[in-house]
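# Report on the structure
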Amino acid sequence: MLYFARGSRTDVITPDEVREALFSVFKGMGRRRRVLAIPPDFTRINSFAGRITEMANDYYGDALTDVLPALGTHSPMTAGQIKAMFGSVPAGKFRVHDWRNGVKTIGTVPGEYVSKVSEGMLDFPLEVQVNGLLLDPSFDLILSIGQVVPHEVIGMSNYNKNIFVGVGGSDFINKSHFLGACYGMERIMGRAESPVRSVFGYADTNFAAHLPIVYVLTVRDRQDGEMVTRGLFIGDGPECFHKAAALSLETNFTMVDRQIRKCVVYLDPEEFKSTWLGNKAVYRTRMAIADGGELIILAPGLREFGEDAAIDALIRRYGYRGTRQILDCTAADKALQENLSAPAHLIHGSSEGRFAITCCPCGGLTREEIEGVGYGYCSYDRMAAKYSPDRLRDGWNVVDGEEIYYISNPVLGLWAHPDRFR
(Lines give C-alpha, C1' and ligand atoms only; values in the text may rest on other atoms or scores of the structure.)
Protein backbone atom coordinates (compact mmCIF):
# COMPACT_ATOMS: atom_id res chain seq x y z
CA MET A 1 0.00 0.00 0.00
CA LEU A 2 1.13 3.55 -0.76
CA TYR A 3 0.24 5.73 2.21
CA PHE A 4 1.69 9.04 1.02
CA ALA A 5 3.40 10.33 -2.10
CA ARG A 6 4.46 13.85 -2.90
CA GLY A 7 7.35 15.29 -4.86
CA SER A 8 8.69 16.90 -7.99
CA ARG A 9 11.96 18.33 -9.29
CA THR A 10 10.99 21.79 -8.01
CA ASP A 11 8.97 20.90 -4.91
CA VAL A 12 10.23 21.91 -1.48
CA ILE A 13 8.56 19.98 1.32
CA THR A 14 9.11 21.83 4.57
CA PRO A 15 9.88 20.07 7.86
CA ASP A 16 6.43 21.01 9.14
CA GLU A 17 4.83 19.45 6.06
CA VAL A 18 6.90 16.27 6.52
CA ARG A 19 5.75 16.12 10.14
CA GLU A 20 2.11 16.64 9.15
CA ALA A 21 2.30 13.87 6.53
CA LEU A 22 3.97 11.45 8.94
CA PHE A 23 1.48 12.03 11.71
CA SER A 24 -1.43 11.63 9.30
CA VAL A 25 -0.06 8.28 8.10
CA PHE A 26 0.64 7.11 11.65
CA LYS A 27 -2.84 8.05 12.75
CA GLY A 28 -4.37 6.21 9.79
CA MET A 29 -2.44 3.04 10.62
CA GLY A 30 -3.94 2.93 14.09
CA ARG A 31 -2.38 2.38 17.48
CA ARG A 32 0.95 0.54 17.71
CA ARG A 33 2.12 -1.22 20.85
CA ARG A 34 5.84 -1.38 20.08
CA VAL A 35 7.80 0.32 17.27
CA LEU A 36 11.31 -0.24 15.90
CA ALA A 37 12.92 2.51 13.78
CA ILE A 38 15.70 1.72 11.29
CA PRO A 39 17.21 4.99 10.04
CA PRO A 40 20.58 5.37 8.29
CA ASP A 41 23.73 6.25 10.20
CA PHE A 42 25.69 9.51 10.26
CA THR A 43 27.10 8.91 6.77
CA ARG A 44 23.58 9.76 5.51
CA ILE A 45 23.04 12.82 7.67
CA ASN A 46 21.80 14.77 4.62
CA SER A 47 18.91 12.33 4.18
CA PHE A 48 16.64 14.12 6.71
CA ALA A 49 16.11 10.66 8.23
CA GLY A 50 17.40 11.89 11.57
CA ARG A 51 14.65 14.50 11.81
CA ILE A 52 12.05 11.99 10.62
CA THR A 53 13.15 9.56 13.34
CA GLU A 54 12.83 12.37 15.85
CA MET A 55 9.31 13.09 14.57
CA ALA A 56 8.38 9.42 14.87
CA ASN A 57 9.66 9.46 18.44
CA ASP A 58 7.54 12.55 19.16
CA TYR A 59 4.45 10.73 17.88
CA TYR A 60 4.95 7.29 19.41
CA GLY A 61 6.81 8.29 22.57
CA ASP A 62 7.56 5.28 24.78
CA ALA A 63 6.03 2.94 22.18
CA LEU A 64 9.07 3.59 19.97
CA THR A 65 11.37 1.46 22.08
CA ASP A 66 14.34 0.82 19.80
CA VAL A 67 16.31 2.71 17.15
CA LEU A 68 18.66 0.53 15.12
CA PRO A 69 20.82 2.61 12.74
CA ALA A 70 21.44 0.78 9.48
CA LEU A 71 25.21 0.60 9.83
CA GLY A 72 25.82 -2.20 7.36
CA THR A 73 29.61 -2.57 7.56
CA HIS A 74 30.16 0.96 8.91
CA SER A 75 31.59 1.88 12.29
CA PRO A 76 29.12 2.43 15.16
CA MET A 77 27.88 5.98 15.64
CA THR A 78 29.42 8.07 18.39
CA ALA A 79 27.33 9.75 21.07
CA GLY A 80 28.03 13.09 19.40
CA GLN A 81 26.87 11.85 16.02
CA ILE A 82 23.68 10.43 17.51
CA LYS A 83 22.90 13.74 19.19
CA ALA A 84 23.70 15.76 16.07
CA MET A 85 21.58 13.60 13.78
CA PHE A 86 18.68 12.49 15.97
CA GLY A 87 18.22 15.44 18.31
CA SER A 88 15.81 14.70 21.15
CA VAL A 89 15.56 10.92 20.64
CA PRO A 90 16.80 9.42 23.94
CA ALA A 91 20.27 7.88 23.67
CA GLY A 92 19.03 4.84 25.59
CA LYS A 93 16.86 3.78 22.65
CA PHE A 94 19.78 3.26 20.26
CA ARG A 95 21.12 -0.19 19.45
CA VAL A 96 24.31 -1.09 17.54
CA HIS A 97 24.06 -3.45 14.57
CA ASP A 98 26.78 -6.13 14.33
CA TRP A 99 26.88 -7.37 10.75
CA ARG A 100 29.17 -10.28 11.56
CA ASN A 101 27.69 -11.68 14.78
CA GLY A 102 24.32 -10.05 15.50
CA VAL A 103 22.17 -11.55 12.76
CA LYS A 104 19.88 -14.50 12.17
CA THR A 105 19.39 -16.37 8.89
CA ILE A 106 15.79 -16.34 7.64
CA GLY A 107 16.25 -18.02 4.25
CA THR A 108 18.49 -18.58 1.24
CA VAL A 109 18.37 -17.11 -2.25
CA PRO A 110 19.20 -20.14 -4.44
CA GLY A 111 22.23 -20.14 -6.72
CA GLU A 112 19.99 -20.92 -9.71
CA TYR A 113 18.19 -17.62 -9.23
CA VAL A 114 21.46 -15.70 -8.86
CA SER A 115 22.71 -17.28 -12.09
CA LYS A 116 19.52 -16.26 -13.88
CA VAL A 117 19.61 -12.59 -12.88
CA SER A 118 23.40 -12.27 -13.33
CA GLU A 119 23.31 -13.69 -16.85
CA GLY A 120 25.31 -16.69 -15.70
CA MET A 121 28.18 -14.70 -14.19
CA LEU A 122 27.69 -16.05 -10.66
CA ASP A 123 25.79 -18.98 -9.21
CA PHE A 124 26.37 -18.90 -5.47
CA PRO A 125 23.47 -18.94 -2.98
CA LEU A 126 23.02 -16.02 -0.58
CA GLU A 127 22.00 -16.46 3.04
CA VAL A 128 19.34 -13.89 3.91
CA GLN A 129 20.28 -12.49 7.30
CA VAL A 130 18.80 -9.71 9.42
CA ASN A 131 19.41 -8.29 12.85
CA GLY A 132 17.60 -10.41 15.42
CA LEU A 133 15.60 -7.41 16.65
CA LEU A 134 13.50 -7.47 13.47
CA LEU A 135 12.28 -10.96 14.30
CA ASP A 136 10.94 -9.99 17.73
CA PRO A 137 7.17 -10.61 17.40
CA SER A 138 6.36 -7.87 19.92
CA PHE A 139 7.13 -5.23 17.27
CA ASP A 140 3.96 -4.41 15.36
CA LEU A 141 5.62 -1.67 13.29
CA ILE A 142 9.12 -1.43 11.81
CA LEU A 143 9.85 1.98 10.29
CA SER A 144 12.57 1.80 7.66
CA ILE A 145 13.64 5.38 7.03
CA GLY A 146 16.06 6.69 4.42
CA GLN A 147 16.96 8.56 1.26
CA VAL A 148 16.75 7.28 -2.32
CA VAL A 149 19.74 8.34 -4.44
CA PRO A 150 21.81 6.71 -7.21
CA HIS A 151 23.96 3.94 -5.74
CA GLU A 152 26.95 2.00 -7.00
CA VAL A 153 26.06 -1.46 -5.66
CA ILE A 154 22.35 -1.72 -6.34
CA GLY A 155 21.46 1.12 -8.75
CA MET A 156 19.26 3.23 -6.47
CA SER A 157 19.74 3.19 -2.72
CA ASN A 158 17.42 2.31 0.12
CA TYR A 159 14.05 0.50 0.23
CA ASN A 160 14.77 -3.14 1.15
CA LYS A 161 18.53 -2.53 0.91
CA ASN A 162 18.09 -0.78 4.27
CA ILE A 163 16.97 -4.15 5.68
CA PHE A 164 19.19 -6.74 3.99
CA VAL A 165 22.38 -4.66 3.95
CA GLY A 166 21.80 -1.89 6.49
CA VAL A 167 20.87 -4.35 9.23
CA GLY A 168 21.88 -7.49 7.36
CA GLY A 169 24.66 -10.04 7.71
CA SER A 170 28.05 -10.77 6.19
CA ASP A 171 27.07 -13.46 3.67
CA PHE A 172 24.34 -11.39 2.01
CA ILE A 173 26.30 -8.12 2.19
CA ASN A 174 29.48 -9.61 0.76
CA LYS A 175 27.85 -11.57 -2.03
CA SER A 176 25.37 -8.88 -3.10
CA HIS A 177 28.20 -6.35 -3.37
CA PHE A 178 30.28 -8.79 -5.40
CA LEU A 179 27.33 -9.52 -7.67
CA GLY A 180 26.97 -5.81 -8.43
CA ALA A 181 30.67 -5.37 -9.10
CA CYS A 182 30.88 -8.38 -11.42
CA TYR A 183 27.78 -7.36 -13.34
CA GLY A 184 29.23 -3.89 -13.83
CA MET A 185 28.69 -0.67 -11.96
CA GLU A 186 28.02 1.30 -15.14
CA ARG A 187 25.19 -1.11 -15.99
CA ILE A 188 23.56 -0.60 -12.59
CA MET A 189 23.96 2.95 -11.32
CA GLY A 190 20.89 5.14 -11.58
CA ARG A 191 18.57 2.23 -12.34
CA ALA A 192 15.79 1.15 -9.99
CA GLU A 193 15.95 -2.43 -11.26
CA SER A 194 19.17 -4.45 -11.40
CA PRO A 195 20.33 -8.01 -10.71
CA VAL A 196 21.18 -6.95 -7.17
CA ARG A 197 17.75 -5.44 -6.62
CA SER A 198 16.21 -8.63 -7.99
CA VAL A 199 18.04 -10.66 -5.34
CA PHE A 200 16.78 -8.26 -2.67
CA GLY A 201 13.28 -8.62 -4.05
CA TYR A 202 13.49 -12.41 -3.90
CA ALA A 203 14.60 -12.23 -0.27
CA ASP A 204 11.87 -9.75 0.57
CA THR A 205 9.04 -11.68 -1.08
CA ASN A 206 10.03 -15.11 0.15
CA PHE A 207 11.41 -14.51 3.62
CA ALA A 208 10.48 -11.06 4.96
CA ALA A 209 6.93 -10.41 3.73
CA HIS A 210 5.56 -11.14 7.21
CA LEU A 211 7.56 -8.36 8.85
CA PRO A 212 5.50 -5.20 9.60
CA ILE A 213 7.81 -2.87 7.66
CA VAL A 214 6.70 0.56 6.48
CA TYR A 215 9.17 2.55 4.38
CA VAL A 216 9.61 6.31 4.74
CA LEU A 217 11.71 7.49 1.78
CA THR A 218 13.01 10.95 0.97
CA VAL A 219 14.49 12.51 -2.15
CA ARG A 220 16.85 15.35 -1.27
CA ASP A 221 18.58 18.12 -3.19
CA ARG A 222 20.64 21.23 -2.62
CA GLN A 223 19.02 24.62 -3.23
CA ASP A 224 20.77 27.92 -2.57
CA GLY A 225 23.41 26.11 -0.56
CA GLU A 226 20.91 24.33 1.70
CA MET A 227 19.53 20.78 1.66
CA VAL A 228 15.82 20.57 0.83
CA THR A 229 13.33 17.71 0.58
CA ARG A 230 12.02 17.30 -2.98
CA GLY A 231 10.02 14.14 -2.32
CA LEU A 232 8.46 12.11 0.47
CA PHE A 233 7.07 8.63 -0.14
CA ILE A 234 5.60 6.32 2.51
CA GLY A 235 4.40 2.78 1.90
CA ASP A 236 4.83 -0.90 2.65
CA GLY A 237 5.67 -2.11 -0.86
CA PRO A 238 7.67 -1.35 -4.01
CA GLU A 239 5.42 1.44 -5.32
CA CYS A 240 6.79 4.04 -2.91
CA PHE A 241 10.36 3.05 -3.85
CA HIS A 242 9.76 3.25 -7.59
CA LYS A 243 8.18 6.69 -7.26
CA ALA A 244 11.10 7.88 -5.15
CA ALA A 245 13.64 6.36 -7.54
CA ALA A 246 12.05 8.06 -10.55
CA LEU A 247 12.16 11.43 -8.80
CA SER A 248 15.72 10.86 -7.59
CA LEU A 249 16.92 10.12 -11.10
CA GLU A 250 15.32 13.39 -12.24
CA THR A 251 16.71 15.31 -9.25
CA ASN A 252 20.09 13.78 -8.39
CA PHE A 253 21.45 12.80 -11.81
CA THR A 254 23.58 15.22 -13.84
CA MET A 255 24.33 14.46 -17.47
CA VAL A 256 27.39 16.55 -18.33
CA ASP A 257 27.55 18.07 -21.81
CA ARG A 258 31.21 17.13 -22.29
CA GLN A 259 33.50 14.58 -20.69
CA ILE A 260 35.41 15.96 -17.72
CA ARG A 261 39.18 16.27 -18.09
CA LYS A 262 39.76 17.27 -14.47
CA CYS A 263 37.23 16.62 -11.70
CA VAL A 264 37.72 17.90 -8.14
CA VAL A 265 35.60 16.31 -5.40
CA TYR A 266 35.48 17.51 -1.79
CA LEU A 267 34.82 15.08 1.07
CA ASP A 268 33.45 16.67 4.25
CA PRO A 269 35.72 15.57 7.12
CA GLU A 270 32.74 14.94 9.40
CA GLU A 271 31.24 12.47 6.93
CA PHE A 272 34.23 10.81 5.29
CA LYS A 273 36.93 9.16 7.38
CA SER A 274 37.63 6.19 5.07
CA THR A 275 37.94 5.40 1.39
CA TRP A 276 35.23 2.77 2.01
CA LEU A 277 32.86 5.73 2.24
CA GLY A 278 34.85 8.43 0.47
CA ASN A 279 35.25 6.51 -2.76
CA LYS A 280 31.82 7.71 -3.72
CA ALA A 281 34.03 10.37 -5.27
CA VAL A 282 35.11 7.66 -7.71
CA TYR A 283 31.85 5.72 -8.07
CA ARG A 284 29.65 8.69 -8.79
CA THR A 285 31.96 10.35 -11.35
CA ARG A 286 33.43 7.38 -13.26
CA MET A 287 30.95 7.70 -16.10
CA ALA A 288 31.67 11.43 -16.53
CA ILE A 289 35.47 11.52 -16.59
CA ALA A 290 37.33 11.35 -19.89
CA ASP A 291 39.98 8.77 -20.77
CA GLY A 292 43.30 10.26 -19.71
CA GLY A 293 41.60 12.67 -17.31
CA GLU A 294 42.17 13.14 -13.59
CA LEU A 295 40.05 12.87 -10.47
CA ILE A 296 41.33 14.89 -7.50
CA ILE A 297 39.81 13.90 -4.15
CA LEU A 298 40.12 16.55 -1.43
CA ALA A 299 39.84 14.39 1.71
CA PRO A 300 40.85 16.31 4.85
CA GLY A 301 39.23 13.78 7.22
CA LEU A 302 40.64 10.62 5.62
CA ARG A 303 42.37 8.36 8.15
CA GLU A 304 41.71 4.76 7.05
CA PHE A 305 40.68 2.63 4.10
CA GLY A 306 38.09 0.22 5.50
CA GLU A 307 35.61 0.79 8.32
CA ASP A 308 36.15 -2.83 9.36
CA ALA A 309 39.62 -4.03 10.39
CA ALA A 310 39.55 -7.12 8.15
CA ILE A 311 38.37 -5.10 5.15
CA ASP A 312 40.95 -2.39 5.80
CA ALA A 313 43.73 -4.98 5.77
CA LEU A 314 42.53 -6.41 2.45
CA ILE A 315 42.34 -2.97 0.82
CA ARG A 316 45.91 -2.28 1.94
CA ARG A 317 47.09 -5.65 0.63
CA TYR A 318 45.54 -5.49 -2.83
CA GLY A 319 44.66 -1.86 -3.62
CA TYR A 320 42.42 -0.41 -6.31
CA ARG A 321 43.91 -2.23 -9.30
CA GLY A 322 40.98 -2.86 -11.65
CA THR A 323 38.47 -5.62 -12.29
CA ARG A 324 40.65 -8.23 -13.99
CA GLN A 325 43.44 -8.15 -11.43
CA ILE A 326 41.07 -8.13 -8.44
CA LEU A 327 39.06 -11.05 -9.80
CA ASP A 328 42.28 -13.03 -10.29
CA CYS A 329 43.35 -12.21 -6.73
CA THR A 330 39.94 -13.21 -5.41
CA ALA A 331 40.15 -16.59 -7.12
CA ALA A 332 43.47 -17.22 -5.39
CA ASP A 333 42.87 -15.81 -1.89
CA LYS A 334 40.48 -17.33 0.63
CA ALA A 335 40.46 -14.12 2.68
CA LEU A 336 38.97 -12.22 -0.28
CA GLN A 337 36.53 -15.05 -0.96
CA GLU A 338 35.31 -14.85 2.64
CA ASN A 339 34.92 -11.05 2.44
CA LEU A 340 33.55 -10.50 -1.06
CA SER A 341 32.47 -6.94 -0.35
CA ALA A 342 36.20 -6.10 -0.23
CA PRO A 343 37.00 -7.10 -3.84
CA ALA A 344 33.71 -5.49 -4.89
CA HIS A 345 34.84 -2.24 -3.29
CA LEU A 346 38.29 -2.52 -4.87
CA ILE A 347 36.70 -2.92 -8.30
CA HIS A 348 34.35 0.00 -7.74
CA GLY A 349 37.17 2.23 -6.51
CA SER A 350 39.36 1.78 -9.58
CA SER A 351 39.35 3.89 -12.71
CA GLU A 352 40.10 0.67 -14.68
CA GLY A 353 43.17 2.50 -15.95
CA ARG A 354 41.11 5.11 -17.79
CA PHE A 355 42.03 8.15 -15.69
CA ALA A 356 44.31 9.11 -12.82
CA ILE A 357 43.06 9.33 -9.23
CA THR A 358 44.88 11.68 -6.85
CA CYS A 359 43.94 11.44 -3.17
CA CYS A 360 44.67 14.41 -0.91
CA PRO A 361 44.44 13.67 2.83
CA CYS A 362 45.39 16.03 5.63
CA GLY A 363 47.84 13.90 7.60
CA GLY A 364 45.59 10.96 8.41
CA LEU A 365 47.19 8.70 5.80
CA THR A 366 50.73 8.94 4.46
CA ARG A 367 51.99 9.16 0.90
CA GLU A 368 53.22 5.58 1.18
CA GLU A 369 49.81 4.33 2.29
CA ILE A 370 47.92 6.18 -0.47
CA GLU A 371 50.33 5.13 -3.21
CA GLY A 372 50.30 1.60 -1.78
CA VAL A 373 46.65 1.17 -2.78
CA GLY A 374 47.25 2.46 -6.29
CA TYR A 375 46.32 6.14 -6.05
CA GLY A 376 48.41 9.22 -6.62
CA TYR A 377 49.14 11.39 -3.58
CA CYS A 378 49.17 15.10 -2.82
CA SER A 379 48.75 16.84 0.51
CA TYR A 380 45.38 18.43 1.17
CA ASP A 381 46.84 21.83 2.00
CA ARG A 382 48.81 22.00 -1.22
CA MET A 383 45.95 20.93 -3.49
CA ALA A 384 43.29 22.94 -1.64
CA ALA A 385 45.41 26.08 -2.03
CA LYS A 386 44.80 25.79 -5.77
CA TYR A 387 41.34 24.21 -5.79
CA SER A 388 39.78 25.83 -2.75
CA PRO A 389 36.37 24.47 -1.72
CA ASP A 390 35.58 27.96 -0.43
CA ARG A 391 36.01 29.51 -3.87
CA LEU A 392 34.67 26.82 -6.21
CA ARG A 393 31.03 26.36 -7.14
CA ASP A 394 29.42 23.06 -8.06
CA GLY A 395 29.82 22.38 -11.76
CA TRP A 396 32.21 23.92 -14.27
CA ASN A 397 34.89 26.34 -13.05
CA VAL A 398 38.05 27.87 -14.50
CA VAL A 399 41.14 27.89 -12.27
CA ASP A 400 44.33 29.53 -13.57
CA GLY A 401 43.02 29.16 -17.09
CA GLU A 402 42.19 25.47 -16.63
CA GLU A 403 38.64 24.15 -16.86
CA ILE A 404 37.65 21.86 -14.00
CA TYR A 405 34.43 20.32 -12.74
CA TYR A 406 33.77 20.63 -9.00
CA ILE A 407 31.53 18.49 -6.77
CA SER A 408 31.07 19.55 -3.16
CA ASN A 409 29.46 16.28 -1.99
CA PRO A 410 29.41 13.10 -4.12
CA VAL A 411 26.75 11.47 -1.91
CA LEU A 412 24.09 13.74 -3.37
CA GLY A 413 24.15 12.53 -6.94
CA LEU A 414 25.48 10.78 -10.01
CA TRP A 415 27.36 12.37 -12.90
CA ALA A 416 27.72 10.86 -16.36
CA HIS A 417 28.30 11.62 -20.02
CA PRO A 418 25.88 10.24 -22.63
CA ASP A 419 28.63 8.12 -24.22
CA ARG A 420 28.95 6.15 -20.97
CA PHE A 421 25.37 6.10 -19.68
CA ARG A 422 23.01 4.24 -21.98
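That block above? That's the structure.
These remarks concern the structure in this document. All residue numbers here refer to positions counted from 1 along the written sequence of the relevant chain. Per-residue local features of the predicted model are confined to residues with pLDDT of at least 70, and side-chain atom pairs are confined, for both listing and counting, to 80 or more; whole-chain, interface and lining totals are unaffected and use all residues. Excluding hydrogens and water, the side-chain values take into account all heavy atoms of the structure.

## Regarding the pairing of strand β9 (residues 213–223)
Where we set the bar: Exposure is judged per residue with a 1.4 Å probe applied to protein chains only, and the accessible area is read against the type maximum: over 50% gives exposed, under 20% gives buried, and values in between give partly exposed. In DSSP terms, a helix is any run of H or I states spanning at least four residues, a strand is any run of E spanning at least two, and both are numbered starting from the N terminus. DSSP-based pairing: two strands are paired if at least 2 bridges between them are found.
The buried fraction of β9 is high, at nine of eleven residues. Pairing analysis gives nine bridges linking β9 to strand β10 (residues 226–235), with the strands arranged antiparallel. Note on β10: the bridge partner recorded for R222 is M227. Where β9 folds back onto β10 in an antiparallel hairpin, the turn is made up of two residues, including D224, whose phi is positive at roughly 55 degrees.

## Structural notes on the packing of helix α13 (residues 323–332) against helix α15 (residues 341–348)
Filter applied, for reference: Note on geometry: axes are C-alpha line fits, over the in-contact stretch for helices, and angles between N-to-C directions span 0 to 180 degrees. Should an angle fall under 35 degrees it is called roughly parallel, over 145 degrees roughly antiparallel, and 65 to 115 degrees roughly perpendicular, with every other angle called oblique. Handedness of a helix crossing follows the sense of rotation of the near helix relative to the far helix, less than a right angle counterclockwise being left-handed and clockwise being right-handed. Contact definition: two residues touch when any of their heavy atoms are within 4.5 Å. Any residue outside Ala, Val, Leu, Ile, Met, Phe, Trp, Tyr, Cys, Pro, Asp, Glu, Lys and Arg is labelled polar, Gly included; the first ten of those are nonpolar and the last four are charged.
Their axes nearest at 9 Å, the elements α13 and α15 cross at an angle of 165 degrees. When the axes of α13 and α15 are compared, the pair comes out roughly antiparallel. Both α13 and α15 take part in a crossing whose hand is right-handed. Between α13 and α15, the residues in contact are T323, I326, L327 and T330 and P343, L346 and I347, respectively. Within the contact of α13 with α15, the residues separate by chemical class into five nonpolar, two polar and no charged.

## Concerning the state of the cysteines
So the rule is basically this: Criterion for a disulfide: a pair of cysteine sulfur atoms at a distance within 2.5 Å.
One pass over the full model with this rule turns up zero disulfides. Looking at C378, it has no disulfide partner, and the nearest cysteine sulfur is the one in C360, 5.0 Å off.

## Comments concerning the pattern of salt bridges
Heads up, the rule is: Just to be clear on terms, a salt bridge is a Lys or Arg side-chain nitrogen sitting within 4 Å of an Asp or Glu carboxyl oxygen.
In the structure shown here, the tally under the stated rule is 28 salt bridges. The partner of R34 in a salt bridge is D136, with the nearest N and O atoms 2.9 Å apart. Of this pair, R34 sits in the loop between α1 (15–29) and β2 (35–38) while D136 sits in the loop between β5 (126–131) and β6 (141–147), and the two are 102 residues apart along the sequence. A single salt-bridge network, built from bridges that share partners, covers R34, D66, R95 and D136.

## What about the sheet that holds strand β13 (residues 289–299)?
The strand order across the open sheet formed by six strands is β15-β14-β13-β12-β17-β16, and the pairing between neighbours is mixed. Single-partner strands in this sheet number two, and they are β15 (376–377) and β16 (395–399). Sheet topology places strand β14 (residues 356–361) next to β15; two bridges connect them, and they run parallel. Within the sheet, the bridge partner assigned to T358 lies in β15 and is G376.

## Some remarks on the environment of G102
Position of G102 relative to the elements: it lies in the loop between α3 (79–86) and β4 (103–109). Under the relative-accessibility criterion, G102 is labelled partly exposed at 29%. Distance from G102 to G169, taken between C-alpha atoms, is 7.8 Å for residues 67 residues apart in sequence. With residues up to four places along the chain from it excluded, the contact list for G102 reads V130, N131 and G132.

## Observations regarding the packing of aromatic side chains
This is how it is decided: Each Phe, Tyr or Trp ring (for Trp, its six-membered ring) is paired with any other whose centre lies within 6.5 Å, and the angle between the two planes then decides the class: stacked below 30 degrees, edge-to-face above 60, tilted in between. Whether a charge lies above a ring is judged from NZ of Lys or CZ of Arg, which has to be within 6 Å of the ring centre and within 35 degrees of the ring normal.
The full count for this structure, using the stated rule, is 15 aromatic pairs. A centroid spacing of 6.2 Å and a plane angle of 75 degrees characterise the contact between F164 and F200, whose relative ring orientation is edge-to-face. Taken together, the positions of F164 in helix α5 (residues 161–164) and F200 in helix α8 (residues 195–208) put the pair 36 residues apart, joining distant regions of the chain. Where W396 meets Y405, the ring centres are 5.0 Å apart and the plane angle is 85 degrees; that geometry is what we call edge-to-face. The structure contains a cluster of three or more aromatic residues connected by ring pairs, namely F23, F26, Y59 and Y60. Over the face of the ring belonging to F421 we find R191, whose NZ or CZ atom lies 4.5 Å from the ring centre. Across the ring face of W396, the terminal group of R258 is positioned such that the distance to the ring centre comes to 4.0 Å.

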